[in-house]
Amino acid sequence: MTRRKGLKSRRPWLAALLGGALAGGTLLAWPVHAMPADTTDAPPAATTASKSPKNLRWSADPRKGIREFSSVQCDTKTFGTTTDQSKGRVWQVRQPAHLERCEGVGPTVTAGSTYYLGWSSKFHITDSTSRYLFQLKCSPSVGTANHPIVLVVTHGHIELQEWTHKHKKVVLWRTKAVNDRWNSYALKVYGHRTKGTIRFWFNGAPQKLSNGSYTFTGTTYDGTRDYLKWGIYHTAPATATQWLSTIRMGTSLADVKS
């Protein structure tokens, strides 16, 4: 009669496996199929920077000069470029005292479209007058939202505001305004007169908006033509300056990260 060999001699791989498990080691991980999480109101997943600019719809690179904008609205010709110690070549927008605006005009957007915007900026404002740093602008401006989305320095804060098609202001988000500090901004916008959506990132982090959600639904397009503007707007008693990095418009968050 043949004596049965032990487990160790017949299946050394199985003995090693069991030994490792008993010793506290983890040798195999069996897949667990969990129910998918409800991500309706969760912040978007982190993304990595795009390796190619092929998905950019438009950009304004200060190294390429003022022709990156379709036009510049600044009577004193103080919309130009300079070199920043931390950012390199940047846009410099100086609004002299009592001048209404100094802004660069970006591309036209269309109703029903979805797009991402991204840029970095810092500002130096010494009076208490509100200044728009960014506008999604309507044409005509009368009888519409006028500017459905604005980023504004007001009462010591940076605010993201939405304006309804009845020209009523909704403050979506705010943080303390600090002169001469670089911040990055990104927006995801779906354009619609009443059912448009906005998502917002500040310094790379998704922001919960004043409605308690990461997404706001409202007016993000109005009138017959909407277009983008960066710079400084609102007549004020003192000179103000904003500096901006390359501004990008794309089809994903990765395309526009600054």
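Structure first, text after, so check above.
Residues numbered from 1 in each chain as written. Predicted model: local features only at pLDDT ≥ 70, side-chain atom pairs only at ≥ 80, totals over all residues. Heavy atoms only, no water.

### Things to note about the sheet that holds strand E7 (residues 131-139)
Step number 1: The strand order across the open sheet built from seven strands is E2-E5-E15-E7-E8-E9-E10, with neighbouring strands paired in antiparallel fashion. Each having just a single partner strand, strand E2 (71-73) and strand E10 (169-176) make up the two edges of the open sheet. Ignoring strand direction, the axes of neighbouring strands in this sheet form an average angle of 25°.
Step number 2: Two strands pair when backbone bridges link them, and strand E9 (residues 157-163) and E10 are joined in this way by seven bridges, in the antiparallel orientation. When the sheet's bridge partners are listed, Gln 161 is paired in E10 with Val 171. (Pairing = 2+ DSSP bridges. Helix = DSSP H or I, 4+ residues; strand = E, 2+ residues; numbered from the N terminus. Axes fitted to C-alpha atoms, helices over the stretch in contact; angles between N-to-C directions.)

### Some thoughts on the pairing of strand E8 (residues 149-154)
Step number 1: With six of six residues buried, E8 is to be regarded as a mostly interior element.
Step number 2: What you see with E8 is no split at all: Ile 149, Leu 151 and Val 153 on one side and Val 150, Val 152 and Thr 154 on the other are buried throughout.
Step number 3: In the sheet, E7 pairs with E8 via five bridges, with the strands oriented antiparallel. Bridge assignment links Gln 135 to a residue of E8, and that residue is Val 150. (Buried < 20%, exposed > 50% of the residue type's maximum accessible area, 1.4 Å probe, protein only.)

### A short note on unusual backbone geometry
Step number 1: Omega for the bond connecting Ser 139 with Pro 140 falls within 30 degrees of zero, at 0°, which places this linkage in the cis form.
Step number 2: Mapped onto the secondary structure, Pro 140 falls in the loop between E7 and E8.
Step number 3: At Lys 77, a residue that is not glycine, the phi angle is positive and equals roughly 55°.
Step number 4: Following the sequence through the fold, Lys 77 ends up in the loop between E2 and strand E3 (79-84).

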